[in-house]
Amino acid sequence: MIGRLNHVAIAVRDIAAASALYRDTLGADVSEIVPQHEHGVSTVFINLPNTKIELLEPLGADSPILKFLERNPDGGIHHICYEVEDILAAREQLKATGARVLGTGEPRIGAHGKPVLFLHPKDFNGTLVELEQA
Ligand code: CO
């Protein structure tokens, strides 16, 4: 069902510092910082030859990544995103196995402008999994 690794998301406290680290120390192709108020995060995309890294910094008092950064004050891997061809078919297949879909269970338009769903980390080896319709 799952296809390519679309991105690995890393939560950070200081997205400017994290961007500089990837750009200057690691020599990566780093995007501008984009505030995404509807998602409660600012994002930077780092384009690698075979996938992307998504840096996430909390934006606003009810950002969905604030709790994660309380538990991981140095930042850390927040989720991984796999591509699927048909997100509704993937959801039904997963629900039939007992996997839990977070939120309303309906796909939302994610930070890349495509439909996404998140799967409960307890059902996937302690890893928050995002599915994105490619
Ligand atoms: Co993501």
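Presented here is a report on the structure given in the accompanying data block. (Residues numbered from 1 in each chain as written. Predicted model: local features only at pLDDT ≥ 70, side-chain atom pairs only at ≥ 80, totals over all residues. Heavy atoms only, no water.)

Turning our attention to the coordination of the cobalt ion. Summarising the metal site, the cobalt ion is bound by the protein donors His7 (NE2), Glu54 (OE), His79 (NE2) and Glu130 (OE), whose distances to it range over 2.0 to 2.7 Å. One can describe the donor arrangement at the cobalt ion as irregular, given that its four donor atoms subtend angles of 84 to 176° at the metal. (Donors = N, O, S within 2.8 Å, 3.2 Å for Na, K, Ca; no water. Tetrahedral: all angles 85-135°; square planar, octahedral: opposite > 155°, others 65-115°.)

Our focus in this paragraph is helix α1 (residues 15-25). Every buried residue of α1 is listed here: Ile15, Ala18, Ser19 and Tyr22. Viewed end-on, α1 has its buried residues packed into an arc of 100°, placing them on one side of the element. Across α1 from its buried face, at more than 90 degrees, point the exposed residues Asp24 and Thr25. Looking at the buried side of α1, the elements it contacts are β1 (5-11), β2 (29-30), β4 (41-47) and β5 (52-58). You can read the cap of α1 off the contacts: a side-chain oxygen lies 3.1 Å from the backbone nitrogen of Ala16, and it is on Asp14. Of the residues one or two after α1, Gly27 is the one with positive phi, at around 70°. (Buried < 20%, exposed > 50% of the residue type's maximum accessible area, 1.4 Å probe, protein only. Helix = DSSP H or I, 4+ residues; strand = E, 2+ residues; numbered from the N terminus. Arc of directions from axis to C-beta. Contact = heavy atoms within 4.5 Å. Polar contact = N/O pair within 3.5 Å; in protein donor to acceptor, adjacent residues only side chain to side chain.)

Attention now goes to the layout of surface pockets. What the largest pocket holds in volume is close to 850 Å³. What lines the largest pocket is a set of 34 residues, among which Pro64, His78, His79, Phe118 and Leu128 lie closest to the centre. Those elements giving two or more residues to the lining of the largest pocket turn out to be β4, β5, α2 (66-71), β6 (76-84) and β8 (115-119). By residue class, the composition of the lining of the largest pocket is 13 nonpolar, 14 polar and seven charged. (1 Å grid on protein atoms, 1.4 Å probe; cavity = no way out; pocket = protein on both sides within 12 Å on 5 of 7 lines; lining within 4 Å. Points joined across faces, edges and corners; volume = space filled by probe spheres on them. Nonpolar A, V, L, I, M, F, W, Y, C, P; charged D, E, K, R; others polar.)

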